[in-house]
Structures are given as C-alpha cells and as structure tokens.
Amino acid sequence: MKKTALAICMALILCFFPSCIEPSKTSIPVSISDAEEVLTESREFYRNSSAIVLVNFLKTHYDAELGHRCTDVIVTRVLAGSTNVGAIIHCGNLSLKENGGYMMYLCKDDEGNFRLLNKQPMRVMDDCVIWNDGTVIPVDDIKSDIAELERTIYAPGESYFYSTLRELVEAADVIVAATVSCSPRTEERTFKYTARGMTVQSIIEASVVSARVERVFKGKLSDGDRLDVVFAPSGFGSLYDASTHTPMTLNGDDVQQIQVSKRYVFFLVNGTSERQSYYFLINPVQGAVLADKTSVRTSYVNKAVNTAAVTCEDLFGAIDTIINACKTEG
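Heads up: these notes are all about the structure in this document. Worth saying up front: this structure is predicted, and the values here are computed from it rather than measured.

Thresholds applied
Residues numbered from 1 in each chain as written. Predicted model: local features only at pLDDT ≥ 70, side-chain atom pairs only at ≥ 80, totals over all residues. Heavy atoms only, no water. Phe/Tyr/Trp six-rings, centres within 6.5 Å; stacked < 30°, edge-to-face > 60°. Helix = DSSP H or I, 4+ residues; strand = E, 2+ residues; numbered from the N terminus. Buried < 20%, exposed > 50% of the residue type's maximum accessible area, 1.4 Å probe, protein only. Salt bridge = Lys/Arg side-chain N within 4 Å of Asp/Glu carboxyl O. Contact = heavy atoms within 4.5 Å. Core = buried A, V, L, I, M, F, W, Y, C linked by side-chain atoms within 4.5 Å. Expected span 1.5 Å × (residues − 1). Arc of directions from axis to C-beta.

Taken as a whole, this structure holds 6 aromatic pairs when the rule is applied. Their ring planes at 35 degrees and their centres at 5.0 Å tell us that Phe45 and Tyr105 sit as a pair that is tilted. Here Tyr105 lies in strand β4 (residues 101-108) and Phe45 lies in helix α2 (residues 35-48), a separation of 60 residues in the sequence. Under the relative-accessibility criterion, Phe45 is labelled buried at 15%.

And the structure:
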C-alpha cells in the first residue's frame, strides 16, 4: 500500500514538473530594458558603419607585425554593407568563445581594413542578439529596422541660392562634369534632415540619378567614377538667399530637369550619413547645369552661371580660375 501511494506521488510530481527530467537547454538572459532603446543605439552604429554582420569565432593567432594576439572571425550573415558570407575578418585581440556567434558593427579605416565600432561584439543565441545592457532582441527585428533606414535618405538641412559663381563654387563640396546614365522617375521617398537644430522627417518626391564623371573640378572623385545624386525637384528643407539669408520660393519651371545621356556640371554637397554614398544638388536650380555640347543652358534666374559663362569652355575655365584663386588666397 505504501509503495502504491509513493508511486502515485511520484507520478503527480512528474506531471506538474516535467522540466525536472528534460535535458537542459541553452537559454538567453532576460531582457532588462526597452528594445526601442537598443534600436536607437543600433541606428547610430548603422549610420557610421560600413558593414553589419553576424560572425562565428574562427581562430586566434599571433600577429608579429602588430606584436600581439589577434582574433579571426568568419561572416555567417550580412545584415548591411559591403562584405560577403564566408569572408574572414581580422580583428584585434577579442575575448570570444569557440563556436560562439556574435554580431559586429564594422567600419573601414584609411587602409580599407575593417575595425569594430562597438567596443565588444554582441553575443547571438537562438537567433537573438544580447545587447550590451542585457536586452535581448531578435536579429530579424534589427534587420527590419536596417531595411527601413536604407529606404530613408539622410539629407543636408537648409539650402542656399547664390548670386555669383564664386559663391557657388566655394559653397559646393564637389564640382564635376558628368554624363547621366540613369535618371528614373521621381517617387515618394522618406527624407531626414536637420532644420534649425531639429531633426525633420518628411515624404518628398525624389529620385537617385546616376552619372559617370568626366572631369573633376573640386572634390575627392576621379574621372570615370560613378556618381549617385539625389534629385528632389521641390527641394527639401528650406531655401534661403545666401546673401540676405531671407527665405526663397522655388518656381518649378526654373528647376533643371536631368536627362539620360546628357552632360551636366554638378554643384554638389555631401550627405550626412556615412552609410549612404549619395551626393545632393546644392539647390534644385543651380545644382545641375546642362553643358552637353558647346553651350551652357540653365534657368535665367541662375545668374551665378548666366553672367559668367555662355559656352562650356567659358564655364570650365571660370570654375578653374576661381578654384585656383581660392588656393592661392589660402
């Protein structure tokens, strides 16, 4: 009777506590903060990274040139950026577990080598990332957030309209003559930019125009390089007169339309995100000047160009003269 009662008790215990006899499973830590905080930090890493990858530990070895031990990892998944699955990345002396999976935010140094943006790779377990503060977030949530970021164009803030060619040349980060190879129709795109110290997000009609560089007047480009230029006919942010700093309103008829197989002189400014290689027209009227054959064509309101040049040779020479003068003046 006692044995029967004991057996019944054991059966009840096993029914209510089945985990006591199941094999132990690897478990991930419990989330200790809101996942939105993680995504905010991830977005900051994303904007400054060249690649975001999942990796597995491969090996450690002694680097005689550096004089210390180093760690090699192999890429198992690419969430963003310019690398491939199977690529081996050479890191500093990291404390990684064998057969462990990790997520890395990487940027490239001046020699083209990857380096870690975050201080330590973050552990990946059960398709989840364990963030620095212990938060657990699915890898696919981070991937989805990155995909949304890549659909967003990070643009400069206010634009300025210039009354002289010298002002226009001095204000541009890049000036090139380039022939357009692709000019898709505009469509609604999400833009983010800073205006009066505030981050603004808005939906703007725009397209990304591709062109092949033929001549470089200013900037770190070379002949033959491909150029991706954001073309937003209505502009983004506010447009101001550079001399008076008063607001201006664009007339759509004055905007330079960009056509395939035509050559333009582009007056461009750099973007604000290292993750995007876009350039931006200095403003929709003066950012692109048609210089297809021998003559220069632009809106009559673009007096900065119209008063300085009639032919391509005139414009090219005037730009070179201004740039050389600026170098001489120091």
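After that view, the rundown keeps rolling.
Moving on, we come to the pattern of salt bridges. One pass over the structure, following the stated rule, counts 10 salt bridges. Where Asp140 meets Arg77, a salt bridge forms, and the shortest distance between an N and an O atom there is 3.1 Å. Separated by 63 residues along the polypeptide, Asp140 in helix α3 (residues 139-150) and Arg77 in strand β2 (residues 68-81) bring together distant segments of the chain. In this structure, Lys262 engages Asp292 in a salt bridge whose closest nitrogen and oxygen atoms are separated by 3.6 Å. Here the residue Lys262 occupies a position in the loop between β15 (239-241) and β16 (263-270), and Asp292 occupies one in the loop between β18 (288-290) and α5 (303-306), the gap between them amounting to 30 residues. We classify Lys262 as partly exposed; its relative accessible area is 27%. For Asp292, a relative accessible area of 18% corresponds to the buried category. Sharing partners across several salt bridges, the network here consists of Glu36, Arg43 and Asp145.

Inspection of the secondary structure assignment puts Glu158 in the loop between β9 (152-154) and β10 (159-161). The sequence separation of Glu158 and Phe236 amounts to 78 residues, and the corresponding C-alpha distance is 7.6 Å. If we ignore the near neighbours within four places in the chain, the residues touching Glu158 are Thr194, Ala195, Arg196, Ser238 and Tyr240.

What follows is about the nonpolar core. Core analysis: the largest hydrophobic core is formed by 38 residues, its most contacted members being Leu165, Phe191, Val265, Phe267, Phe280, Leu315 and Ile319. Where this core is concerned, the elements lending two or more residues are α4 (165-171), β11 (174-182), β12 (187-195), β13 (198-218), β16, α5 and α6 (312-329). Of all the elements, α6 adds the most residues to this core, at 7 residues. If near-sequence neighbours (up to four positions away) are discounted, Ile319 is found in contact with Val169, Ile175, Phe217, Val265 and Phe267.

For α3, which comprises 12 residues, the first-to-last C-alpha distance of 17 Å matches the rise-based estimate of 16 Å (1.5 Å per residue) to within 8%. Within the span of α3, buried status applies to Val139, Ile142, Asp145, Ile146 and Leu149. Within α3, the buried residues cover an arc of 125 degrees as seen down the axis, which keeps them to one side.

Any link to function would need more than the numbers given here.
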